[in-house]
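# Observations on the model geometry
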Amino acid sequence: NAGVMQNPRHLVRRRGQEARLRCSPMKGHSHVYWYRQLPEEGLKFMVYLQKENIIDESGMPKERFSAEFPKEGPSILRIQQVVRGDSAAYFCASSPLWAGQGSEKLFFGSGTQLSVL
Amino acid sequence: KQEVTQIPAALSVPEGENLVLNCSFTDSAIYNLQWFRQDPGKGLTSLLLIQSSQREQTSGRLNASLDKSSGRSTLYIAASQPGDSATYLCAALNNAGNMLTFGGGTRLMVKP
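Reading the values: the criteria
For every chain, the first residue of the written sequence is number 1, and numbering continues from 1 onward in sequence order. Whichever chain is written first is A, and whichever ligand is written first is 1; the rest continue in order. Reporting in this predicted model follows two pLDDT cut-offs: at least 70 for local features of residues, and 80 or more for side-chain atom pairs to be given and counted; totals over whole chains, interfaces and linings ignore these cut-offs and use all residues. Calculation of side-chain values draws on the structure's entire complement of heavy atoms; hydrogens and water are dropped beforehand. Secondary structure is summarised from DSSP: a helix means a run of H or I of at least four residues, a strand means a run of E of at least two, and numbering begins at the N terminus for each. In this description the radius of gyration comes from C-alpha coordinates, and the expected globular size is given by 2.2 Å times residues to the power 0.38. Contact between two residues is taken to exist if any of their heavy atoms lie within 4.5 Å; hydrogens are not considered. Here the open area of atoms and residues is found with the Shrake-Rupley method and a 1.4 Å probe, where only the protein chains shown may cover a residue. In plain terms, two cysteine sulfur atoms within 2.5 Å form what is called a disulfide here. Burial classification: accessible surface area is computed with a 1.4 Å probe over protein chains only, and a residue below 20% of its type maximum counts as buried, one above 50% as exposed, and the rest as partly exposed. Only strands joined by at least two bridges in the DSSP assignment are considered to pair. Where helices are involved, their axes are fitted lines through C-alpha atoms of the stretch in contact, as for all axes, and angles between N-to-C directions lie from 0 to 180°. For this analysis, a salt bridge means a side-chain nitrogen from Lys or Arg found within 4 Å of a carboxyl oxygen belonging to Asp or Glu. The definition of a polar contact used here is a pair of N or O atoms within 3.5 Å, where within protein one atom must be able to donate a hydrogen and the other to accept one, and adjacent residues in sequence count solely through side-chain atom pairs.

### With respect to the overall build of chain B
Assigned secondary structure in chain B consists of zero helices and 11 strands. Taken from the N to the C terminus, the helices and strands of chain B come in the order β-β-β-β-β-β-β-β-β-β-β. Its C-alpha radius of gyration of 13 Å places chain B within 12% of the 13 Å reference for a compact globule of 112 residues. Across its three principal directions, the C-alpha atoms of chain B cover 45 × 30 × 20 Å. In chain B, once contacts between residues fewer than 6 apart in sequence are set aside, the share between residues at least 24 apart is 55%. Accessible surface for chain B amounts to roughly 5200 Å². Of this, 49% is attributable to carbon and sulfur atoms.

### Observations regarding the state of the cysteines
Residues and elements named next belong to chain A. By the definition in use, this model includes two disulfides over all chains. Two residues share a disulfide in this structure: Cys-23 and Cys-92, whose sulfurs sit 1.8 Å from each other. Looking down the S-S bond of the Cys-23 and Cys-92 bridge, the torsion is -55°, so its handedness is left-handed. Taken as a pair, Cys-23 in strand E3 (residues 19-24) and Cys-92 in strand E9 (residues 88-95) lie far apart in primary sequence, 69 residues in all.

### Details of the environment of Leu93(B)
Residue and element names in this part refer to chain B. Here Leu-93 lies in strand E9 (residues 86-94). The exposure class assigned to Leu-93 is buried, which follows from its relative accessible area of 1%. As for Leu-93 and Gln-2, which are separated by 91 residues in sequence, their C-alpha atoms are 9.6 Å apart.

### So, the sheet that holds strand E7 (residues 62-67) of chain B
Residues and elements named next belong to chain B. One open sheet holds the five strands; their spatial order is E1-E3-E8-E7-E6, and the pairing between them is antiparallel. Two strands in the sheet have a free side with no partner beyond their single neighbour: strand E1 (4-7) and strand E6 (56-59). Taking the axes of each pair of neighbouring strands and ignoring which way they run, one obtains an average angle of 15° across the sheet. Sheet topology places E7 next to strand E8 (residues 72-77); six bridges connect them, and they run antiparallel.

### Remarks on unusual backbone geometry
For the bond running from Asn7(A) to Pro8(A), omega is -5°, close enough to zero to count as cis. Position of Pro8(A) relative to the elements: it lies in the loop between strand E1 (5-7) and strand E2 (10-13). Following Ile7(B), the chain continues into Pro8(B) via a peptide bond in cis, with omega recorded as 0°. Residue Glu40(A) is not a glycine yet carries a positive backbone phi of 65°. Here Glu40(A) shows up in the loop between strand E4 (31-37) and strand E5 (43-50). Taking relative accessible area as the criterion, Glu40(A) reaches 83% and is therefore assigned exposed. One non-glycine residue, Gln81(A), lies in positive phi territory at about 45°. For Gln81(A), the position within the fold is in the loop between strand E8 (75-79) and E9.

### Examining the interface of chain A and chain B
The accessible area lost on association of the parts is a frequent measure of interface size. On the side of chain B, 22 residues touch chain A, which itself brings 22 residues to the contact. Here chain A is connected to chain B by zero salt bridges. The interface formed by chain A and chain B holds three residue pairs in polar contact (both at pLDDT 80 or more) in total. Residue assignment for the side of chain A that touches chain B shows that the elements contributing at least two residues are E4, E5 and strand E6 (53-56) of chain A.

Given below as C-alpha cells:
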C-alpha cells in the first residue's frame, strides 16, 4: 500500500494563474480530507469529500477554491486566480470509513507546497 | 468553535529524559483526540488516537491521556531519543466526525 500520494510536491505559480493539487488516497479509502497549513500557523480544515460528494466544505474560502473527488481518479483541489496569500502547504488525508467511527485514523500525505510569486 | 492549544511551543531536552507535552481544547464534545508527529517537509504520522470514552492509549515509549471534562490531553514520551525530534501536533475530532482541529504544535529537539 503506497500510502496517500500527493502531487506535485512543490508547485510554483504566478499571481492570477490556476493551481491544481492532486491527492490519491490509500487503496480502499473512500473518504478524503484537505487541510491547509499557512506559514507560522497551524493546520486548518478545508473540505471533506467522499466519492463524488462534498460532505463538508465549511473550511473552504468562499471564492476561487473548489474540490472534487470523482468516481475514478484522484481528488483535486483547485485554486483559481491564485494570490500570494494562497502560498501554503496543502495536505490531503484519507480514511477507509467515516472518521467519526471513533477509532478511524486519518492517513496524511506529504503535502504540496504551493508558492505564489 | 473548537480551539486547541499546545504548551510548550518548543522544547529542547537532553537524550534520555522523560517529557510531557500538553494539549488543551475548549469544546469537550469531541469524538476522539489524536496525536501526530510532523517531520520537516513531510506529512503527518499518526501516533496515538484516544476515543472520547477512553482515558489513555499507549504505544511503545509513548503514552497519551485524555481528560474530556477538563479539556486536556498529555503526551508522555519516555526515555527520549534524538530520533524523536519533530513537531508534535494534537488534534480534536468534532462530533460530526468531519473535522480535526489542530493545535499549533510543540517543536521538540532531543540532543544527543
